[in-house]
Amino acid sequence: MNNKQIANTLHQLADFLEMKGENTFKVQAYRRAARAVESSRVSLTEIQDQLEQISGIGKGTASIIREIIETGQLAMLEEIRLQLPPELPKLLHLPGLGPKSIYTLYQQLGITNINELKELAEQQKVRSLPGFGPKKEEKILAAIENYSEGPARIYVHQAMFVAESLRVKLSTIDQVEQVELAGSIRRWKETIKDIDFVVATVHPIEVGKQIVSWSEVKQVIGQGETKVSITVDIEGIVMGVDFRLVTPEQFASSLHHFTGSKEHNVRIRQRAKQYGWKVSEYGIEDTKTKQMMTFQDEQALFAKLELPWIPPELREDRGEIEKAEQNQLPTLVQLSDYRGDLHMHTLYSDGANTVREMAEAAKELGYEYIAITDHSRSLKVARGLSIEEVYEQWEEIDKVNQMVEGITILKGAEVDILTDGTLDYPDDLLQGMDIVIASIHSQFRLDEKAMTRRIIRAIEHPLVNIIAHPTGRLLLRRDPYEVNMDELFQAARDTGTILELNANPYRLDLKDTYLQQAKEEYGLKFTINTDAHAIGGLSQIQFGIATARRGWLEKEDVINTYSLSELKQVLRKK
DNA sequence: GCCGTTTTCGGCCCGACTGTTTTCAGTCG
C-alpha cells in the first residue's frame, strides 16, 4: 500500500461524501489530508504511529489511514459504495456539474453514469428538475460530447506560443495599459489547460469587445465586465483563454490572485487573516476599517504580508510560504547561468544537422561547451552509430574543435541501457569519451523490480556519468517506467552519477517534484539538456530551466552552469 | 474532520459568472 493509493482512497471518500451532501468542511478536511498524504516524502506505512503529526491529519483520518494500510480497504467507503452507484463520481469530471447537481440527478432521475445522463438529457428530462433548465441541459450534453475526447491539456511550449501571439495582439489595443500572463502558464507548469491574462484598463467593456472580435476566436464562452472567456484556434492549436480586465490599481493584486496556484492563494489568505485583512483580486482589505489597499507591484503586495517576493514557479504550496517566512527562499537557477548543453544528436544518428552546425548554433547562444551524444548501435530506428562510426565522429569533432573557436565540443554518446542493465558499447570505447550518457529506449514495460535493477546497474557502471530522461515518461502519451525512485536516487548519490532533466517539452523528465525531493533528501546534482535533434531544438532549454526552477534548483545544483574545468572535475569524480 | 502566540469551540479563502430564479444556489478558478 503506497501513499498514492492511500491518497486515492481519501479522494474517493471525499467525492462520495460530497455528493451525499456531507458537511463541506469535512469533505475539505479529507481532501486536505489526501493532499498531505500525496506530498509526504516518507511512506506512511513506515510511520503509522506518527500520522497525527502531519498537518491536516488528525485522529479521525489517522485511524482511517491505518485501516487502509492494514486491510487494504476502508469499510466506510465500501458501505457508501453499496448506497451510491460506483460510477457517480465520474460525473464530477463534466464541467458545469458539481456534487449537488449530480446528487439531484441521481435522486430524482436515478442517473448513475454518463450514458444514462446523456440519454435523459437528450429526452429533455433533465430540464424540469429543480435548479435545472434548458440551458443547463444543453451545457451537460456539450460537456459529455467534449468529455469523450478526453481532457484537453496542451504542452507548455505550444501554450506559450499561443500566449505570445495573443500578448502581441493585446498590446495593440489602445485602451490596454498593462498585460501579463498569469495562471499555470506563468508558473511554467508542464501542461496547460487554459491561458490566463491579466489586463489593466479603465475601459474593460471596450477591450472585451475588441478581444471577441479577433479572427482567431473560435467561441465566446463568457463575457462580463471583468472577465472575457474564449476559445482560440492558432495554427491548429485550440485552447481556452481567459482575460481578466482590471483597473491599473488592481493589477498587481489581480496578477497575484490569478497566478495562483489555488493552494498557494489559500495559504496567503489565511496569513492575511492573522493581520485582520482580506485578500482578493482587487487588493487587501482591512476588515475593520473596510479600507482597500492596492499595490504598485507583486513585491509590494508580498511585503505588506511581511514576505519576500516568491517566484511564480514556486507558488504551489510546497513549502514556499514557510521558507519565505524564514527568508530562506532559494535563488533559483536562470537561463543566464547556463553555459553548455550536454545532450544532442547530429546527422550521424537521427539528428538533422552536422557537428559543426550544432557547435555554431550553440556558440550563437553564448555557450562555452557542448557534448555530441548520438545514439548507440542497438538503436536501429535512430541509426545508432557502430563502433567504427564512433571513431569517425571523434575525428570530425577534433577537426571542428580546431575550426570553431570559442566553444569546446566534448565527445560523448547516449548509450542504450540494454534489458539486463548492461551497456550497448564496450568499456574500452566508452573510456575514450569525455562524457557518457546512458538511457533506456526499449523494453519499457519491465516490472518495477526488474526496471529498477536495470537502471541501477547502469548507474553503478564506473564510466556512466549521466542517466538521461530517467523515468521515460512522455507527457500526455506515455507513463513513466515502473521504477523505485528512492532506490534510484540513492544509487545516484552513492556513485556520484548525475541525473538529467530533459528539457524537451514532451518529456521534462525528471519532473519538478522529483527534482525537489532528490535535491533535498539526497543532495544530488543534475544536468539540464535539450536532447536537440536539430539546431532549433537547442532553444528548448528554456522549458528545462523553468522546470528546474519549479523543482527548487539553484545554480550550483546544475552542472551545466559550471565552467568547463569545473565540469570536467565533476565528470572525473565518478 | 482539523485546528489553535487572541480560541479545546467555532470557525474553516474569496468573488464572478451562469442559469436559475424573483433573491440565489451551484460551480469554477
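Residues numbered from 1 in each chain as written. Chains lettered and ligands numbered in written order. Predicted model: local features only at pLDDT ≥ 70, side-chain atom pairs only at ≥ 80, totals over all residues. Heavy atoms only, no water.

## As for the UniProt feature "domain: Helix-hairpin-helix DNA-binding motif class" (unreviewed entry) in chain A
Selection rule: UniProt positions are given in the numbering used here, feature names are shortened, and annotations may be inferred rather than shown by experiment. Under the scheme used here, helices are H or I runs from DSSP no shorter than 4 residues and strands are E runs no shorter than 2 residues, and both carry numbers assigned from the N terminus.
Per the UniProt annotation, the sites labelled "domain: Helix-hairpin-helix DNA-binding motif class" (unreviewed entry) are residues 49–68 and 124–143. For the annotated span residues 49–68, helix accounts for 50% and strand for 0% of the residues, and the straight-line distance between the end C-alpha atoms is 14 Å. Each end of residues 124–143 is marked by a C-alpha atom, and these two atoms are 16 Å apart; helix forms 50% of the span and strand 0%.

## Topic: the side chain of Lys-411
Basically, it comes down to this: Between two residues, a contact is recorded if the distance between any of their heavy atoms is within 4.5 Å.
Within the secondary structure layout, Lys-411 lies in strand S13 (residues 408–416). Sequence-distant contacts of Lys-411, defined by excluding residues within four places in its chain, comprise Ile-372, Trp-394, Ile-397, Asp-398, Met-433, Asp-434 and Ile-435.

## So, helix H22 (residues 564–573)
To keep it simple, the criterion reads: Relative accessibility under 20% of the residue-type maximum defines a buried residue, over 50% an exposed one, and the middle range a partly exposed one, all with a 1.4 Å probe and only protein chains included. Directions pointing from the helix axis toward each C-beta atom define the arc.
Those residues of H22 not exposed but buried are Leu-567, Val-570 and Leu-571. Buried residues along H22 cover an arc of 100 degrees about the axis, so they all sit on one side. Along H22, exposed side chains directed more than 90 degrees from the buried face belong to Ser-565, Gln-569, Arg-572 and Lys-573.

## Overview of the sheet that holds strand S8 (residues 277–280)
Threshold: Here, strands pair whenever DSSP counts at least two bridges between them.
A sheet is described by the order of its strands in space; here 3 strands give the open sequence S8-S9-S10, paired in antiparallel fashion. Every interior strand has two partners, whereas the edge strands, S8 and strand S10 (292–293), have only one. The pairing of strand S9 (residues 283–286) with S10 spans 2 bridges and is classified as antiparallel. Considered in S10, the bridge of Glu-285 is made with Met-292.

## Thoughts on empty space enclosed by the protein
A probe as big as a water molecule, rolled over the atoms, marks out the empty space that is left. Worth spelling out the cut-off: Cavities and pockets were defined on a 1 Å grid built over protein atoms only: a cavity is a set of grid points that admits a 1.4 Å probe from which the probe cannot escape, a pocket is an open set flanked by protein on both sides within 12 Å along at least five of seven lines, and lining residues are those with an atom within 4 Å of any such point. Grid points are joined across faces, edges and corners, and a volume is the space filled by probe spheres set on the points. Residues are grouped as follows: nonpolar covers Ala, Val, Leu, Ile, Met, Phe, Trp, Tyr, Cys and Pro; charged covers Asp, Glu, Lys and Arg; every other residue, Gly included, is treated as polar.
Scanning all chains against the criterion turns up 3 cavities of 30 Å³ or more. Taken as a whole, the largest cavity holds about 50 Å³ of empty space. Around the largest cavity, the lining residues are Asp-374, His-375, Leu-385, Val-390, Gln-393, Trp-394, Gly-412, Ala-413, Tyr-425 and Met-433. The set of elements that each furnish at least two residues to the lining of the largest cavity consists of strand S12 (369–375), helix H16 (387–403) and S13. Of the residues forming the lining of the largest cavity, the biggest block, 3 residues, is contributed by H16. Residue classes in the lining of the largest cavity are distributed as 6 nonpolar, 3 polar and 1 charged.

## Re the environment of Gln-123
Stated precisely, the cut-off is as follows: Under this definition, polar contacts are N or O atom pairs within 3.5 Å; protein pairs additionally need one hydrogen-donor-capable and one acceptor-capable atom, and for neighbouring residues in sequence, both atoms have to be side-chain atoms.
Structurally, Gln-123 can be placed in the loop between helix H6 (114–122) and helix H7 (134–147). Residue Gln-123 is classed as partly exposed on the basis of its relative accessible area, which comes to 41%. At 3.0 Å, the side chain of Gln-123 and the side chain of Lys-125 are in polar contact.

## Things to note about the protein's contact with DNA strand B
Stated formally: A cutoff of 4 Å decides nearness: a residue is near a molecule or strand if any of its heavy atoms lies inside that distance of it.
Neighbouring DNA strand B are 41 residues; Gly-96, Ser-101, Gly-133, Arg-269 and Lys-273 lie closest to it. Put simply, 81% of the atoms of DNA strand B that lie within 4 Å of the protein are in sugar or phosphate. The contact in question runs from a phosphate oxygen of DNA strand B to an N or O atom on the backbone of Gly-98, over 2.6 Å. Here a phosphate oxygen of DNA strand B sits 2.4 Å away from a polar atom, N or O, in the side chain of Ser-101. Sorting elements by how many residues they give to the surface near DNA strand B places helix H2 (residues 24–38) first, with 4 residues. Across the surface near DNA strand B, the residue classes tally to 13 nonpolar, 16 polar and 12 charged.

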